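Structural overview for review
Letter by letter, the chains look like this.
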Amino acid sequence: MTIKTTSSASLNIEALSKQFWEDGFLVLENFFDDSLMDQYHSLILEHFGNTPEFLHNEEFLNKSDTEVIPWFPQREGVEAFDTVEKHPMLQALTQAILGQGWNSQYSMVMFSKQGTKGQAWHQDCPPENRDHFNMNRLVYTMDVSPEIGGLTMVVKGSHKQGVLPASDRDETFENEVVLEPKKGMLVLLHGHTWHRVTPVVGDYRVSTNYRCAPKGTPDDITDICVYRNMRYQFSVSRVVEDRLAKAVS
Ligand SMILES: O=C(O)CCC(=O)C(=O)O
Ligand SMILES: [Fe+2]
């Protein structure tokens, strides 16, 4: 599914919105200009101090045990990150999908270093109320090839299938789709869609997420994340439901 969006090309917003609601995700290649992606990528590497040389620093690698390291650049006033937020085509597409009165939540850069596990299957927020969800607007400033790892996997249509099945092992799903993020790509992902990120085997992997939500969604909708084995609440750093205990009883 390749849709060129450089300067003269136009998108059929209505058709894309329909596709998003059918599949629970949408992939648009070449949505952002290379120059903007290069600017973002340098700022990201500058923030994480991640030059290839630094990655060879064994002490740093051994001491850090975080699988995904977040950064909220707009909260720190890094104005360059407003450009994607204000991107007219992105705003139009968001509006078509979420309707009037949608709002931006926050932008978050996620950095994964070599040898980390990526992210297990999850839903960004509980699916019990189908009207309450976040939408991820994922921006990729680098190519993420199978050699690097960190591929994004999504289960097509799963935003309509309720809660991610509980299990103590990694699963494959019938309708899972592997996305290979490319520099300039935009991926829109419904927060109830089952998704994961594969382990990072290359130097590092970076993605940037502009989260937003439809009108009426509580601001803390992404505070509780649903994994196969638990529900986890970030604000209190606590497992709020052990799903495996439930699954076996
Ligand atoms: O980085 C990605 O490709 C997906 C990250 C993710 O799961 C999220 O932002 O909710
Ligand atoms: Fe997620």
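Before going into details, it helps to say that this report is about the structure given with it. Just so we're clear, the structure is a prediction, and the values are computed from it rather than from any experiment.

**Remarks on the pairing of strand β12 (residues 230–233)**
Looking at chain direction, strand β11 (residues 224–227) and β12 are connected through three bridges and run antiparallel. Bridged to Cys-225 within β12 is Tyr-232. Taken together, β11 and the strand that follows it, β12, pair antiparallel across an intervening segment of two residues. Counting the residues between successive antiparallel strands, the hairpin from β12 to strand β13 (residues 238–242) contains four residues, one of them, Ser-237, with a positive phi of roughly 50 degrees.

**Here's the deal with the packing of helix α1 (residues 13–23) against helix α6 (residues 88–98)**
Between two packed helices, the angle of one axis relative to the other and the distance separating the axes together describe the packing. Closest axis-to-axis distance for the α1/α6 pair is 9 Å, and the angle between their directions is 55 degrees. One finds that α1 runs oblique with respect to α6. Of the two elements, α1 crosses α6, and the hand of that crossing is right-handed. Contact residues: Ile-13, Glu-14, Leu-16, Ser-17 and Phe-20 in α1; Ala-92, Leu-93, Ala-96 and Ile-97 in α6. Residues of the contact of α1 with α6, tallied by class, amount to seven nonpolar, one polar and one charged.

**Some thoughts on the sheet that holds strand β7 (residues 176–179)**
Strand order in the open sheet formed by seven strands is β7-β6-β9-β4-β11-β12-β13, and the pairing between neighbours is antiparallel. Lying at the two open borders of the sheet, with one neighbouring strand each, are β7 and β13. Within this sheet the neighbouring strands show an average axis-to-axis angle of 30 degrees, counted without direction. Pairing geometry for β12 and β13, over four bridges, is antiparallel. Residue pairing across strands places Met-230 opposite Asp-242, the latter belonging to β13.

**Details of the site of ligand 1**
Inspection of the region around ligand 1 gives Met-110, Gln-119, Asp-124, Asn-136, Leu-138, Thr-152, His-195, Val-197, Ser-207 and Asn-209 as its neighbouring residues. Those elements that place two or more of their residues in the shell around ligand 1 are β5 (135–139), β9 (195–197) and β10 (204–213). When its residues are assigned to classes, the shell around ligand 1 shows three nonpolar, six polar and one charged.

**Considerations on the sheet that holds strand β8 (residues 186–190)**
Reading across the sheet, the six strands line up as β1-β8-β5-β10-β3-β2 and stay open at both edges, with antiparallel pairing between neighbours. Single-partner strands in this sheet number two, and they are β1 (25–28) and β2 (69–71). Averaged over all pairs of adjacent strands, the angle between strand axes in this sheet comes to 20 degrees, irrespective of strand direction. The sheet contact formed by β1 and β8 spans four bridges and is antiparallel.

Here is what the cut-offs are and how they apply
- Residues numbered from 1 in each chain as written.
- Chains lettered and ligands numbered in written order.
- Predicted model: local features only at pLDDT ≥ 70, side-chain atom pairs only at ≥ 80, totals over all residues.
- Pairing = 2+ DSSP bridges.
- Helix = DSSP H or I, 4+ residues; strand = E, 2+ residues; numbered from the N terminus.
- Axes fitted to C-alpha atoms, helices over the stretch in contact; angles between N-to-C directions.
- Parallel < 35°, antiparallel > 145°, perpendicular 65-115°, else oblique.
- Left-handed = near helix turned anticlockwise from the far one by under 90°.
- Contact = placed C-beta atoms within 7 Å.
- Nonpolar A, V, L, I, M, F, W, Y, C, P; charged D, E, K, R; others polar.
- Near = placed C-beta within 6 Å.

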